[in-house]
Amino acid sequence: MDPATAAMGSLLPKLFELLHGEYKLQKSVKKDVEFLEREMRSIDAALRKMAMVPRDQLDDNSKIWANDVRELAYEMEDVVEHFMVDVQGFEPAANPDGFKGFMKKVANLFTKGKARHQIADAIKGIKDQVQQVADRRDRYKIDDVEATLAASTIVDPLDPRLMVQFKDHRELVGIEGPRDELIKRLADEDDCVSKQQLKILSIFGFGGLGKTTLARAVYDKIQAEFVCKAFVSVGQKPNLKNVLIGILLRIDKASCHNVTLLDEVLLIEKLRELLTNKRYLIIIDDIWDLSSWDIIKCAFTNSKCGSKVITTTRIFEVAKEAGDIYKQEPLSHGRSKELFCMRLSIGKSKRPYHESVKISEKILQKCGGIPLAIITIASLLASKPVTDWPGVYDSIGFGNEDNKEVDTTRKILLYSYYDLPYYPRLCLLHLGIYPEDYEIKKDTLIWKWVAEGYVHEEPGKGLFEVGERYFNMLIDRSMIQAVERPYYSIIYACRVHDLVLDMIHFLSEDESFVTASNSNRTSPRTNARRLAINNEVVEQDGSVANTSMQQVRLYSATMCHFTMLPLLSNFKALRVLALEECTFMGSERSVKLEDSPYHLNYLGRLIHLRYLGFSDRLVGFSLPGISMPLILKVPEEIGDLRFLQVLDLGRTGIKKLPQSVGRLTQLKCLRFGGSSMEVLDCTNLTSLEELQLHLVSPDFLKGLVKLKELRKFSLHFEEEHENMLFKDLMGHVANLQKLQVIMVNCRYSTQKEKNCRYQPRPKPWSDYAGSVALGHLRHLTVNGLLPGLPVWINSSCLPNLCHLHMELTAMKSQDMEILGRFSELITLTVLLYDYMVFPNAMEEGAFPKLRYLELKNSNQPRFVQGAMSSLECFRIIIGLEGTNGWDFHSLVNLPRLEKVDAEILGYTGRGIDGDELQAHESLKQAHASLKHAVEIHPNHPTLKLQIYHS
């Protein structure tokens, strides 16, 4: 039901705006719109109730009704938006008092009058359809669906967790290692007193990883050491009274007379009485929410008897409450193969293993080490001949197979899906537009969610911030896999496990949410609303190109090869146009606009467009058969797209943007990598949250002060213009209090070399001497030479700074002390041109969270005890003359060091010149010093040493 509810969520605000905006509706039309709004809000309430019920548990009439509501909502939204554009989408005349201005006014009046008559006719037709839908709702008793279902599904006799608890241990593979590690973590404490404290540990991981199985294995192994023990499951919608009774029955069945008469408070009191001064082991399996855990844990007393409590959950927020988290990992390839073979009983079967080994390896790779996935697929294959296995692989997932294990897998994943709030559910379904194993960039994904209307506005928060919360929720619920930049504590992308992606496809196809077209699927349906094309060659006469586009709301192509762009005049309802990591094939002679197959003609007709994004994977390369640049021109008509929220042209080769972009008042994200931005007036772009540009003028910078919603700002300067621009820039952004990211880069005319001591020194920028107090700033990059550490880079002005990257002429001892006071700093990169002085001593606890330190052209690094206690990676780039007599022994003062990365630039030593021979000897000494420092370090960090000879 989610797609239908999504359509309603997008429509209802439009109806409200139509009623209360300045559209001068006729009285009869306004009355009809009021009726529509009331009726559609009532229908929306019914849809939301249905959305709480799994679709396979709804009757056919309810499904058909919901599908009809979805299509009707789409049609209504298109009509309303078209009317809004017709009435408000006209520019005032340049000279309203002249003859041309008079004629423009008259033409607008005629056009607006025509639009009002058209919407009056359309509303009448829609009103009849809505009335029919409302009548069917009453006839089918849609409002009773949730109540009827709840009455019939109080107990699920086929709960998969129940079966997992009582699996024969001989069926388990790879459980011994994790089991023993978990037992060790339960026992490990620094002293005898700590060992007697109550220990609570949570097993966290994706559904199907075997959390319950692992918890049961630990329980069976150590339960004999405890006086009281219990293993109970909570579940998605728990009856907490029954959970507490379950613990009581397992601890002391004899004392449980009339226990059902007790309420939760009395049950907790009785449990605490029974557990006081006793050593107990309790497993609380499958917790889904914090409120349930907060109540259950009240029953556990800490009598310092060495008691243990283990919880399992697939929700990270719940796991954090335990204090100690054990993250369940997938099986290794070897263990996966062992489980697969055991389930197939290949060793006892008549078919030889070598016949199926190749396809088996491919299937195991797709299962990704998830035990439940391996068991499911193996159970499916066991009943099929080997010749059918490739077909199973091509359609691996749930499919329509009549198989108990497949049904169990589906049920486990759908538990997580239906436990999600409504809007994050839609965000998860949206991921069905991407191919398997694709690295999905976080920021781009969230902006697509915004454009699709899946991000719900919340008071005082930007849409991206709300979308980011949805993204983190999907990670915490283990529905998507985070892709993190090492040492940066930044999740910049995600991937979707194949099983989850198959679940998404299963739901999407059932509700016609996303129609995917790729080499493993059929051609798209002619009525597709959201069309996703992956890994295909899109040609002028291909099946995708000939698909009807009039009703398509999303057109997404990922890693495709185009011979021409889709013809924009074919789209009538398009909201999202996204071509990501595609290649655009053609002739190098196609350089004239009229000859190019890559143009944006008719862009102004896409009046519903919210998202326009192109990403060419070959921008910056020159290859035979590739037409560069991709698109030669963005038409002036782009300014007519009044609903446009995201314009992402960062990697297209487009050189200029038209001035009309300044009219896009709803634009929230603008990314452009062209070289001519001087003409853009940004003063009306007050909704912008993200701005990435190249080469701007001083006049443009003045308009930044009006962009109060700006959250992320990235800018490139040309070398000859940057001197005063940085100073002006910081003066203008100093009061943009929502800024979280500032990235300023200088495009030098000469290529920078590895060792900046040997390259021509650029002219230092003029620093801004005023205050830059940005309390939300987390990331600051200044890739342009500053004379010294700016006065405004301190922990008082930037208290939440996490990442700092800068180029300085020199760095003094007190500068390092200032930086050491940043309590949230995680990464620090400093490029120097003269020198850097390390202090002899630093404050205790300086750089408390720093994980990554990179120094270029520094002198002797000196790490003092008590500072940088969290540093995991140290990277240094130095010229050979700076290494003479260096001693890296102070690395021993970094207790968490894992990796040392060093680059040294020196001479070949091929001649007999004394200086060259001395340099060669210094090189050997530097190498030996680093190697020795790593060898004597308690952690034995890895050393990566690169020596560049000139």
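Residues numbered from 1 in each chain as written. Predicted model: local features only at pLDDT ≥ 70, side-chain atom pairs only at ≥ 80, totals over all residues. Heavy atoms only, no water.

- As recorded by an unreviewed UniProt entry, the protein chain carries the name Disease resistance protein RPP13 and is attributed to Aegilops tauschii subsp. strangulata.
- In its Sequence similarities (unreviewed entry) section, the UniProt entry covering the protein chain states "Belongs to the disease resistance NB-LRR family." (UniProt positions renumbered as here; feature names shortened; annotations may be inferred.)

**Considering the overall build of the protein chain**
- If you tally the helices and strands in the protein chain, you get 26 helices and 27 strands.
- Across the 950 residues of the protein chain, 53% fall into the buried class.
- Across the protein chain, the fraction of contacts at a sequence separation of at least 24, relative to all contacts at a separation of at least 6, is 66%.
- About 42,300 Å² of surface is accessible on the protein chain, with carbon and sulfur atoms providing 50% of the total. (Helix = DSSP H or I, 4+ residues; strand = E, 2+ residues; numbered from the N terminus. Buried < 20%, exposed > 50% of the residue type's maximum accessible area, 1.4 Å probe, protein only. Contact = heavy atoms within 4.5 Å. Areas by Shrake-Rupley, 256 points an atom, 1.4 Å probe, with all protein chains shown as cover.)

**A few points about the sheet that holds strand β4 (residues 308-313)**
- Reading across the sheet, the 5 strands line up as β2-β3-β4-β1-β5 and stay open at both edges, with parallel pairing between neighbours. Taken across any chain shown, the strands that pair with only one partner, and hence form the sheet edges, are β2 (228-233) and β5 (324-327). Sheet twist, expressed as the mean angle between neighbouring strand axes with direction ignored, is 15°.
- As defined by bridge partners, strand β1 (residues 199-204) adjoins β5 across 4 bridges and the pair is classed as parallel. The residue bridging F204 from the neighbouring strand is K327, located in β5.
- The sheet contacts of helix α9 (residues 211-222) involve β1, β2, β3 (280-285), β4 and β5, and relative to β2 the element is tilted by about 165°.
- Of the strands in this sheet, β2 and β3 touch helix α10 (residues 240-251), which is tilted by about 145° from β2. (Pairing = 2+ DSSP bridges. Axes fitted to C-alpha atoms, helices over the stretch in contact; angles between N-to-C directions.)

**A look at the sheet that holds strand β6 (residues 440-441)**
- Pairing in this open sheet of 3 strands is antiparallel, and the strands run β6-β8-β7 from one edge to the other. Since the sheet does not close on itself, it has two edges, and those belong to β6 and β7 (481-485), each with one partner.
- Pairing of β7 with strand β8 (residues 490-495) involves 5 bridges; the strand directions are antiparallel. Bridge pairing in β8 places Q481 opposite R495.

**What to know about helix α20 (residues 442-452)**
- Of all the 11 residues making up α20, 11 are buried; the element is thus mostly covered by neighbouring parts of the structure.
- Those residues of α20 lying buried are K442, D443, T444, L445, I446, W447, K448, W449, V450, A451 and E452.
- The first or second residue beyond α20 is G453, which carries a positive phi of 85°.

**Observations concerning the state of the cysteines**
- One pass over the full model with this rule turns up 0 disulfides.
- Between C582, a cysteine without a disulfide, and C560, which holds the nearest cysteine sulfur, the sulfur-to-sulfur distance is 5.0 Å.
- A relative accessible area of 0% places C582 in the buried class. (Disulfide = S-S within 2.5 Å.)

**So, the pairing of β4**
- Of all 6 residues that make up β4, 6 are buried, and the element is covered over most of its length.
- Here β4 shows no split at all, with K308, I310 and T312 on one side and V309, T311 and T313 on the other all buried.
- By the bridge criterion, 6 bridges tie β1 to β4 in an arrangement that is parallel. Directly across from S202, in β4, lies its bridge partner T311.
- Where β3 meets β4, 4 bridges bridge the pair, whose relative direction is parallel. Along β4, the bridge assignment pairs I282 with V309.

**Let's talk about the pattern of salt bridges**
- By the definition in use, this model includes 28 salt bridges.
- We note a salt bridge from K441 to E439, for which the minimum N-O separation is 3.2 Å.
- When its relative accessible area of 38% is taken as the criterion, K441 is described as partly exposed.
- E690 is paired through a salt bridge with R671; the nearest N and O atoms lie 2.8 Å apart. In this pair, E690 sits in strand β18 (residues 690-694) while R671 sits in strand β17 (residues 669-672), placing the two residues 19 residues apart along the sequence. Taken as a pair, E690 and R671 share a single burial class, namely buried. (Salt bridge = Lys/Arg side-chain N within 4 Å of Asp/Glu carboxyl O.)

**Things to note about the environment of K899**
- Mapping K899 onto the fold places it in strand β26 (residues 899-906).
- Setting aside residues up to four positions removed in sequence, K899 forms contacts with Y487, E872, C873, F874, P941 and T942.

**Here we look at the pairing of β1**
- Burial within β1 is extensive, with 6 of its 6 residues counted as buried.
- The side-chain alternation of β1 yields two buried faces, one formed by K199, L201 and I203 and the other by I200, S202 and F204.

**Remarks on the packing of helix α14 (residues 333-344) against helix α15 (residues 357-367)**
- Two elements in contact, α14 and α15, have axes separated by 10 Å at closest approach and are oriented at 115°. Crossing angle aside, the handedness with which α14 passes α15 is right-handed. Facing H333, S336, K337 and F340 of α14, the residues of α15 in contact are S360, E361, I363 and L364.
- Split into classes, the residues belonging to the contact of α14 with α15 amount to 3 nonpolar, 3 polar and 2 charged. (Left-handed = near helix turned anticlockwise from the far one by under 90°. Nonpolar A, V, L, I, M, F, W, Y, C, P; charged D, E, K, R; others polar.)

**Topic: the packing of aromatic side chains**
- For the coordinates displayed, the defined rule picks out 13 aromatic pairs.
- Relative to F464, the ring of W447 has its centre 5.2 Å away and its plane inclined at 45°; by these criteria the two rings are tilted. You can see W447 sitting in helix α20 and its partner F464 sitting in helix α21 (residues 463-476), a full 17 residues away along the chain.
- A residue is classified by how much of its surface remains accessible, and W447, at 1% relative accessible area, is buried.
- With a relative accessible area of 1%, F464 lands in the buried category.
- An aromatic cluster of at least three residues, connected via ring pairs, comprises Y280, W293 and F300. (Phe/Tyr/Trp six-rings, centres within 6.5 Å; stacked < 30°, edge-to-face > 60°.)

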